[in-house]
Amino acid sequence: MFNFDDFTFDRQHIWHPYTSMRNPLPCYAVVAAKGCCLELADGRKLVDGMSSWWSAIHGYNHQRLNHALKKQIDYMSHVMFGGITHPAAVSLCRKLVGITPKELQCVFLSDSGSVAVEVSMKMAMQYWLGRGEKRPKFLTIKGGYHGDTLSAMSVCDPDNSIHSLWRGFVPKNYFTVAPNCSFYSSWNESELDDFYKKVEQHHNNLAAIILEPIVQGVGGMRFYHPCYLQRVREVCSHYGLLLIADEIATGFGRTGKLFACEHADIVPDIMCLGKALTGGTMTLAATLTTNDIAHTISSATNCLMHGPTFMGNPLACAVACESLSLIIEGKWFNQVANIEKHLKKMYVSLNNHSRVADVRVLGAIGVIETHQYINIAAIQEFFVKQDVWIRPFNKVIYLIPPYIITYKQLDKLINAISEALDHSDFFYY
Ligand SMILES: *Cc1c(COP(=O)(O)O)cnc(C)c1O
């Protein structure tokens, strides 16, 4: 099914995320996936700790999701969204409007998280155009990640992020220091000193403040204090600034709440969704906003200037709709709570390891931060030998498993990490 030639071809001709063509990180061929397991070409089955980057929350090859796709494909797999609508899009958006805060009433569908972020930024700028103001700038917090397209990169962490290479190429935006106060520590008002200063300086230029609520993902897997988010909301309301919540990683239960904004009991003006939206089956994202913002955009500039070819793809909408049905049925809540409880055992088993700087858990997210940088290729090879799929970055080993994972499978992931920590050759000095 997959032979040596295929690997060679892959190595020579196919780019993989964030790796070089000259000297790529090794790749593993997966030929099937079911439940919480990935099946390799040689027949080995790996317990998946990554949900294919936050997306496969219900597990792989889910019968109901598959059925939704098969049912839709017999009607049509795609039709343009310009001048046309279809049942899958309407059903999906009804559900989206239903489960998100009641203020968010208008949905823009797009193909990927990065595009949903681009759309959110355009919405904010066009909102101000609608009010007769040109506001081209954004304020965000350091340590953030919002995607790989150019505008999205302009609000990713400017120093540490995978995008530091692009400084000078992307629009220059404003950054405030990352919140230091972790989710579980006691709140300290002085956390916001720099934020208040930046807002005071720049608010007349700002189209919006954009951030990941509560969990900063790819920027370092940090969980910050809900009070921080509350204050940001208050400041936005005070100055009439828009707040964009990028819930692309955190949405649909991952942090223990349906949306991470609920930890702070706040409602954003614009919300970006993606990743788990289709339960990890198809690429789809959504940007939601209020009637007021949507109507203001339309008052001066008539239309929102965006419209991807595959906007509202019926297959993606149909499967997203079924994934939302699963979410609405509510099993996720106990599943995530149980994963959280189980992951928290790492506080005892791993926290005192000499190589570990910090262990933190929130919802179905477990993070082990190490003192040293990790040799990704070496540790990954070890993990695969242990029959688990975990992909660390920088100094972070993290678990974001499908919600259906069993305790036994979770233990397998945790034990593999625990053993890996004892191998000095997986860490750089
Ligand atoms: C992954 C991610 C994105 C980008 O989504 P893509 O589908 O990869 O384009 C944007 N924001 C956050 C918070 C993400 O985690």
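To be clear, the structure that these remarks concern was listed above.
Conventions used here
- Residues numbered from 1 in each chain as written.
- Predicted model: local features only at pLDDT ≥ 70, side-chain atom pairs only at ≥ 80, totals over all residues.
- Heavy atoms only, no water.
- Salt bridge = Lys/Arg side-chain N within 4 Å of Asp/Glu carboxyl O.
- Buried < 20%, exposed > 50% of the residue type's maximum accessible area, 1.4 Å probe, protein only.
- Near = heavy atom within 4 Å.
- Polar contact = N/O pair within 3.5 Å; in protein donor to acceptor, adjacent residues only side chain to side chain.
- Areas by Shrake-Rupley, 256 points an atom, 1.4 Å probe, with all protein chains shown as cover.
- Nonpolar A, V, L, I, M, F, W, Y, C, P; charged D, E, K, R; others polar.
- Core = buried A, V, L, I, M, F, W, Y, C linked by side-chain atoms within 4.5 Å.
- Helix = DSSP H or I, 4+ residues; strand = E, 2+ residues; numbered from the N terminus.
- Contact = heavy atoms within 4.5 Å.
- Pairing = 2+ DSSP bridges.

Chemist: What's the story with the pattern of salt bridges in this structure? I'm lost.
Modeler: Should their charged atoms come close, side chains of opposite charge can pair. According to the stated counting rule, one finds 13 salt bridges in the structure shown. In this structure, the salt-bridge partner of Arg44 is Asp42, at a minimum N-O distance of 3.0 Å. Asp358 is the salt-bridge partner of Arg360, the closest N and O atoms lying 2.6 Å from each other. Note on Arg360: relative accessible area 9%, which makes it buried. The class for Asp358 is partly exposed, based on a relative accessible area of 29%.

Chemist: What am I meant to see in the site of the ligand here?
Modeler: Around the ligand sit Ser112, Gly113, Ser114, Tyr145, His146, Gly147, Glu212, Asp246, Ile248, Ala249 and Lys275, and that is every residue in its neighbourhood. In this structure, an oxygen atom belonging to the ligand sits 2.9 Å away from a main-chain N or O atom of Gly113. The contact in question runs from an oxygen atom of the ligand to an N or O atom on the side chain of Ser114, over 2.6 Å. Compared with its free state, where it exposes 380 Å², the ligand has 83% of that area covered by protein. Classifying every residue of the shell around the ligand gives 3 nonpolar, 5 polar and 3 charged.

Chemist: Looking at this structure, how should I read the nonpolar core?
Modeler: As a rule of thumb, soluble globular proteins bury nonpolar side chains together. Counting 104 residues, the largest nonpolar core has Leu92, Ile209, Phe252 and Phe383 as the members making the most contacts within it. It is helix α10 (residues 314–329) that provides the largest number of residues to this core, a total of 7 residues. If near-sequence neighbours (up to four positions away) are discounted, Phe383 is found in contact with Val388, Ile390, Pro392, Ile397, Ala416, Ile417 and Ala420. One finds Ala124, Ala152, Ile248 and Leu304 within the second-largest nonpolar core, a separate group that totals 26 residues.

Chemist: Can you walk me through the pairing of strand β10 (residues 242–246) in this structure?
Modeler: Two faces make up the sheet, and in a regular strand the side chains alternate between them. Burial within β10 is extensive, with 5 of its 5 residues counted as buried. Of the two faces of β10, the one carrying Leu242, Ile244 and Asp246 and the one carrying Leu243 and Ala245 are both buried. Where strand β7 (residues 206–211) lies against β10, 4 bridges are found, and the strand directions are parallel. In the sheet register, Ile209 faces β10, and the bridge partner there is Leu243. Here β10 runs beside strand β11 (residues 270–273); their pairing, made up of 3 bridges, is parallel. Looking at the pairing, Ala245 lines up with Met271 of β11.

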